[in-house]
Structure formats: structure tokens, C-alpha cells
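Survey of secondary and tertiary structure
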Amino acid sequence: MNIIRRNFPNLLTCLNILAGTVAIVLAFKSDAVFHGLAGWKWSILAIGVATVADFLDGFMARLLNAGSEMGKELDSLSDLVSFGVAPAMLLFNLLDHAPQAPHWLPWIALIIPVAGAVRLARFNVDPRQTSSFIGLPIPANAIFWLGFIALAYDMPTATWLCAPALIIPLTIIEAWLMLAPLPLFSLKFHDYKWRGNEVRWILIFASFGLICWLGLPALALIIILYLLPLVSTKNFGGH
């Protein structure tokens, strides 16, 4: 029983990396339709499964007191696949199939996993990021790109969405946000009271409303809202 308890969080982490790998495969079948959904939508759904698994592995590790250095490293490797490589491959295929995009533009997407890997490496050795973040977390970066990609697929006539003049600066800015020393609040709750968690609750409620209103493209807007405060994490319970 102790073996199961110790390894259950790692099993959830493995589900994260499995879902991320499935998302990469489906990203290369973006136009194919499976059970009524396009491949790119299934890929986003798989990244959603990875996100849930990523949340649950940490939650269960704390609940079962089963945290470990191996689990920490495994989690980072999984996050790189699910939230770095997978959204990059979705963006790569979006640009690769965009008739107005130059042939070299899809390769810009490879900046995403590179910056994500550096972000995760820094996170692993930075003791300050236990209750807050320094730089945009890689899952948040993935959520932004999923919203952007969904918007581009939903608006195929908006050719400017896949133009170099937008894609290049957007990719560079997102990579910079992951690596810049910007203090950002975490959604981890010390308690669930309104006082002291106002920004967290507002973001959660706003996210729910935006998704109900706009669907998947709202994901990009949610990350923009998350970035708006950009104030000292001490105001949100950080140290």
C-alpha cells in the first residue's frame, strides 16, 4: 500500500505526459475529423487532460505526503511536453497550412518549447517560487496559444492572424514573459475566503464567463487578464 501511495502522484504525472504526446500526434492531423471533431480540437482536449493531471499530481502529492525529487523532475519533463512542445506543434501546423504564411514562418513556433525548457529549469532551482511565480508559467503560456490557435481556426478569413508581422512579435513576447523576472500571483489558495484572494476569485469567475461567452478563443484573453496585475506577489500572499 505504501508503494501505491508513494507512486500514485507520479502515475498522474505520467498521464500528463501521455496526454501531451497524444496532443502532439493529433496536432499533425489538425484537419482530420474524428467522431465529429477536428484533429486540432482533439489536440486541445488532450492538452486539457494534461492540465487536469498536472493539477492533480501536485494535489495528491501534498494530500498523501508523497512528494519527491523524482516527482518534481518528472513533473517538469511532462510539462515541457504537454505545455511546451504540444502547443508549439499546434501552432506549427496552423502556420504550415496557412496559405498566406511564408514557408519559413512555422519554424518560429520552436521558440516556445526552448523558452519553456529554460523557464522550467529556473523554476526547479528557484526557492522563491513556492507560492507565487517569477515569469509566466509554462501552462499559462500554453493556454494563451491554445486560445490564439482556436481563434485562428474559427476565423479562417482573418489572414492577419497568421501573418509574420503578428506571429513573430507575439512569439518573442510570450517567450520573454516566461523568462523575464516578472512577479505573478499563483492560483494556489491558502484558504478559500474572499479576503486576500480577491484577484484569484475574480480571475476564476471572469474565466468561466469568458469561456461560456467566447468558447476556446477566450483562453488567450484569460491569460491577458492574468498578466494585467503584474504587481508584487506580496500583495497576493507571496513571500
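Just above sits the structure.
Owing to the predicted nature of the structure, the values given are computational and were not obtained by experimental measurement. (Residues numbered from 1 in each chain as written. Predicted model: local features only at pLDDT ≥ 70, side-chain atom pairs only at ≥ 80, totals over all residues. Heavy atoms only, no water.)

**Section: the overall build of the chain**
Within the chain, the regular secondary structure consists of 8 helices and 4 strands. Tracing the chain from N to C terminus, the helices and strands come up as α-β-β-α-α-α-β-α-α-β-α-α. A compact globule built from 239 residues should have a C-alpha radius of gyration of about 18 Å, and the chain, at 18 Å, falls within 12% of that. Taken over the C-alpha atoms alone, the chain extends approximately 50 × 40 × 35 Å along its principal axes. Taking all 239 residues of the chain together, 47% fall into the buried category. When the 14 positive and 13 negative side-chain charges of the chain are each reduced to one mean point, those points stand 9 Å apart. (Helix = DSSP H or I, 4+ residues; strand = E, 2+ residues; numbered from the N terminus. Rg over C-alpha atoms; globule rule 2.2 N^0.38 Å. Buried < 20%, exposed > 50% of the residue type's maximum accessible area, 1.4 Å probe, protein only. Lys, Arg positive; Asp, Glu negative; His and termini not counted. Charge placed at Lys NZ, Arg CZ, Asp CG, Glu CD.)

**Describing the side chain of T171**
Mapped onto the elements of the fold, T171 is located in helix α6 (residues 164-179). Not counting residues within four places of it along the chain, the set of residues in contact with T171 comprises I108, I111, I112 and W145. (Contact = heavy atoms within 4.5 Å.)

**Section: the packing of helix α7 (residues 198-214) against helix α8 (residues 218-227)**
Interhelical geometry of α7 versus α8 gives an angle of 155 degrees and a closest axis separation of 9 Å. By the angle class used here, α7 and α8 are roughly antiparallel. Note that α7 runs across α8; the crossing there is right-handed. When α7 is examined against α8, the residues L203, A206, S207, L210, I211 and L214 are found in contact with a partner set consisting of A218, L219, L221, I222, L225 and Y226. When the residues that make up the contact of α7 with α8 are grouped by side-chain class, the tally is 11 nonpolar, 1 polar and no charged. (Axes fitted to C-alpha atoms, helices over the stretch in contact; angles between N-to-C directions. Parallel < 35°, antiparallel > 145°, perpendicular 65-115°, else oblique. Left-handed = near helix turned anticlockwise from the far one by under 90°. Nonpolar A, V, L, I, M, F, W, Y, C, P; charged D, E, K, R; others polar.)

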